[in-house]
Amino acid sequence: MDEYQDIKELLKPQRTIGASPALRQRIRAASAQKHSIIGTRWWWSAAAAACMVLTVGAVALFNGKGSIASSQSSECIVYVAGHKTSGDAAQAIAEADVAKMEQFMRTVAQQNAAEQEKVDQFMQHKSSEK
C-alpha cells in the first residue's frame, strides 16, 4: 500500500502551470501587430475604392453624362497648385489625370489577376496532391 501512495505522490503536479508575464506580453504584442496589419489592409482597400470612385466620376463628368456637367456650361475648370485654370489647358490637364487614373486601375486589375492566378495554381496543386 505504501508503494501506491508513493506513486500517487509522484504523479501529483509539482507546481502550478500558467503563462508567465513575459509570455502574456508577447501574445499581446503579436495580437496588436495582427490588428495593425488588418488596419493597413483596410486603408489600402479604401484608397483603391476611392481611386475607382474618382475615375468613374471623372469619366462620367467628362463624357457629359453626369448631371453636373449637363446642367452647367461645358467649360472645363481645374485647380492646379491653388490656381484656377480653365479652357483648353484645363481640359488637357483633366484628361491627363483621368488617363493616369485609368492606367492605375488597369495596373491594379492586372496585379490582382496575377495574384488570383497564383492562388488558383496553388489550390489546384494542393488538391492534386490529395
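A. Expanded view of the overall build of the chain. When helices and strands are counted, the chain shows four helices and two strands. Each helix (α) and strand (β) of the chain, taken in turn from the N terminus, gives the series α-α-α-β-β-α. Long-range pairs, those at least 24 residues apart, make up 39% of the contacts in the chain with a sequence separation of at least 6. Accessible area of the chain: about 11,400 Å², with a carbon and sulfur share of 60%.

B. Spatial organisation of the pattern of salt bridges. For the coordinates displayed, the defined rule picks out two salt bridges. Linking E9 and K12 is a salt bridge whose minimum nitrogen-to-oxygen distance equals 3.2 Å. Residue classification places K12 among the partly exposed residues on the basis of a relative accessible area of 42%. E115 is the partner of K118 in a salt bridge, and the nearest nitrogen-oxygen pair spans 3.6 Å. Of the two residues, K118 and E115 are both situated in helix α4 (residues 88-129); the distance of three residues between them amounts to about one turn of the helix. The class of K118 is exposed, set by a relative accessible area of 52%.

C. Focus on a nonpolar patch on the surface. A contiguous nonpolar surface patch, about 300 Å² in accessible area, is contributed by V119, F122 and M123. Looking at the element boundaries, F122 is found in helix α4.

D. Representation of the pairing of strand β2 (residues 83-86) within the structure. With four bridges connecting them, strand β1 (residues 77-80) and β2 associate as antiparallel partners. Note that in β2 the partner of I77 across the bridge is S86. Where β1 hands over to β2, the hairpin turn is made up of two residues, of which A81 adopts a positive phi near 55°.

Definitions and limits used
- Residues numbered from 1 in each chain as written.
- Predicted model: local features only at pLDDT ≥ 70, side-chain atom pairs only at ≥ 80, totals over all residues.
- Heavy atoms only, no water.
- Helix = DSSP H or I, 4+ residues; strand = E, 2+ residues; numbered from the N terminus.
- Contact = heavy atoms within 4.5 Å.
- Areas by Shrake-Rupley, 256 points an atom, 1.4 Å probe, with all protein chains shown as cover.
- Salt bridge = Lys/Arg side-chain N within 4 Å of Asp/Glu carboxyl O.
- Buried < 20%, exposed > 50% of the residue type's maximum accessible area, 1.4 Å probe, protein only.
- Patch = residues over 30% accessible without salt bridge, like charges linked within 9 Å, V, L, I, M, F, W, Y side chains within 5 Å.
- Pairing = 2+ DSSP bridges.

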